[in-house]
Amino acid sequence: MKLLKSSFFIVSALVIASCGSTAPILSTPIDNIDTTPLKETPLSEVELQTWGHKDLITDTIPGMSVDKAYAEIIKGKKGKKVIVAVLDSGIDIDHEDLDGVIWTNKKEIPNNGKDDDKNGYVDDIHGWNFLGDSYNENLESTRIVKKGPNHPKYAEAKAEVDADYKKYLNLKNRFEPIYQRVKATNAALTKYFKKSNYTIPELNAVQTNDEELQNHIALAKQAFVIFPKKVKSIDEVEEILKDGIEGFTDRLNYNLNTSFDGRTVVGDNPNDITDTNYGNGNVKHVKKSESHGTHVAGIIAAERNNGKGVNGVANNVAIMSVRTVPNGDEYDKDVALAIRYAVDNGAKVINTSFGKYFSQNSQWVRDAIIYAGKNNVLIVNAAGNENIDLDKKPVFPNDQTTTGAEISDTFLTVGALQNKYGSQIVADYSNYGKTNVDVFAPGSDIYSTFPENEYESIGGTSMAAPGVAGIAALILSQYPNLTASQVKKIIIQSGLTINRNVVVNQKESAMPFSNASRSGKIVNAYNALILADKVQRGQVKL
């Protein structure tokens, strides 16, 4: 068994239960945890589905210590309900693990076609849909190319669009014949075995001189080898390939296609921030594959301990669904108005698990971020998945330009971790930045809700941000007098410091984890609640 060779500060707490809910949380610092054993065996299925909630010391898994926080600090205390706005794709608000935590606008009478609460949005019962009936969209780089050579970013955008089109066309052409071969093989072997869930031992046991059957068996074995930890049947391989090809096709037909305009069905001018009479109150996903928002919502607030699916991070949350992100790049106008909608309708935390590298109206979004800050609302933002240094290349939305001054102290950017502590703890796709990324949190293979009462594990900084948004909501639920700025500082300062070298950029050698973010820390719900208690009592000033 290897030993953890990193030293970091961890706070251990004791709740004085006899004093009731007003009792302080007493903490004792523990230093130099050098004998903590690392996880040597693969995570079990249960651990894989819950690893983001585990504790590095107790479980030897680099999660956010959510389980420990509930067991030793929360202890059944619900606190005050907190509204968290999820700016994303549509959310399956009828999902079995979400239907009890969806925000309802009680000032609005359902389906009467009137703006009962006079907030400017008709029948916004569970949020607002800024996309209307649209789904597929261009990338922002494609929109710039469509504006022609006089646009100041045209040359850069054109080069990127051309390179991406070539890349995805090659991928589509490469994988389509593979998909067809796997599909034919699966059909043949399903017919041979009279079932679809055949295994490698069953394939090995086949004795045949039929050359075609031998070829099918060889291909099936190869598929199992290629996806050893991802699939349990060739059906899954076939589905993975099918989804991949559909993704490549969407890139070519919609995202990178200068002849396509998905906005025409919305009916507004996306380049006019004053044109606000658009969208509708249907915040649900328009098709099953529109799953991103549902997954994000489940990470934050899936109903806890209901015997279904997964537990969200926060236990007393109302999810406000704000459909903002299409199958392509979001419009700056939608993002800016969505932030303002969330703020004006009571959200205390906003999750923004999206981003792009071109923005034609970024100031609209920055103005909305400033507005959120002035109204004491915390925005938790995903850093992005291109494995780049955000101090050198900005992603939008953001609260500063490269390494310039922040426009708001209530905007928190999160990078992604994977589930094994060590030099590879940073996910190989995650963006990073000493100035522009604040903290890291679990993001790879996160198990959460999918549309139509399903559950899946997917990864990205999109999954790391809602984990932190959930912690922010948990803090505000227990300590509602804290400001959004204080909550941001509490999350950053209470994290676990990782004093070791890690691989951050996959093209470079390992570097100190402290250089990957402003804090050099991974978030920790347990420590955050301890610090929040001290701050609310005036024992600690931030």
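Above this note sits the structure.
About the cut-offs
Residues numbered from 1 in each chain as written. Predicted model: local features only at pLDDT ≥ 70, side-chain atom pairs only at ≥ 80, totals over all residues. Heavy atoms only, no water. Salt bridge = Lys/Arg side-chain N within 4 Å of Asp/Glu carboxyl O. Helix = DSSP H or I, 4+ residues; strand = E, 2+ residues; numbered from the N terminus. Buried < 20%, exposed > 50% of the residue type's maximum accessible area, 1.4 Å probe, protein only. Expected span 1.5 Å × (residues − 1). Pairing = 2+ DSSP bridges. Right-handed = clockwise from strand over helix to strand, strands pointing away. Axes fitted to C-alpha atoms, helices over the stretch in contact; angles between N-to-C directions. Parallel < 35°, antiparallel > 145°, perpendicular 65-115°, else oblique. Left-handed = near helix turned anticlockwise from the far one by under 90°. Contact = heavy atoms within 4.5 Å. Nonpolar A, V, L, I, M, F, W, Y, C, P; charged D, E, K, R; others polar.

Asks: How should the pattern of salt bridges be read in this particular structure?
Replies: It is possible for side chains of opposite charge to pair when their charged atoms get near one another. Enumeration according to the criterion identifies 20 salt bridges in this entry. With its nearest N and O atoms 3.9 Å apart, the salt bridge here joins aspartate 92 to lysine 284. Highlighted residues: aspartate 92 in the loop between strand 3 (82–88) and strand 4 (127–129) and lysine 284 in the loop between helix 8 (234–255) and helix 9 (292–301), separated in sequence by 192 residues. Accessibility expressed as a relative area gives 25% for lysine 284, which makes it partly exposed. For arginine 537, the salt bridge goes to aspartate 533, with nearest N and O atoms at 3.1 Å. Given a relative accessible area of 3%, aspartate 533 falls into the buried group. Via salt bridges that share partners, Glu137, Glu140, Arg143, Asp332 and Lys356 belong to a single interconnected network.

Asks: Is there a simple way to explain helix 8 in this structure?
Replies: Taking 1.5 Å per residue, 22 residues should reach 32 Å; helix 8 reaches 30 Å between its end C-alpha atoms and fits that length. Along helix 8, the residues classified as buried are Ile234, Val237, Glu238, Leu241, Ile245, Phe248, Leu252 and Asn255.

Asks: I tried to follow the pairing of strand 6 (residues 349–352) on my own but got confused; where do I start?
Replies: Within a regular strand, the side chains alternate between the two sheet faces. Judged by which residues are buried, strand 6 turns out to be covered on both faces: Val349 and Asn351 on one side and Ile350 and Thr352 on the other are all buried. Across four bridges, the pairing between strand 3 and strand 6 is parallel. Its bridge partner lying in strand 6, valine 86 is registered against asparagine 351. Sheet topology note: the strand 6/strand 7 (residues 378–382) ladder contains four bridges and is parallel. Bridging from a neighbouring strand, threonine 352 pairs with asparagine 381 of strand 7. Between the parallel pair strand 6 and strand 7, the chain is carried across by helix 11 (residues 362–374), and the sense of this crossover is right-handed.

Asks: It is not clear to me how the packing of helix 12 (residues 461–478) against helix 14 (residues 525–536) should be interpreted in this structure. Could you clarify?
Replies: Contact pair helix 12 / helix 14: the axes reach a minimum separation of 10 Å and the direction vectors enclose 30°. In terms of their interaxial angle, helix 12 and helix 14 are classed as roughly parallel. Where helix 12 crosses over helix 14, the handedness of that crossing is right-handed. Note on element contacts: helix 14 touches helix 12 through Ala525, Ala528, Leu529 and Ala532, opposite Ile471, Leu474, Ile475 and Gln478. Counted by class, the contact of helix 12 with helix 14 contains seven nonpolar, one polar and no charged residues.

Honestly, it's all geometry; don't read function into it.
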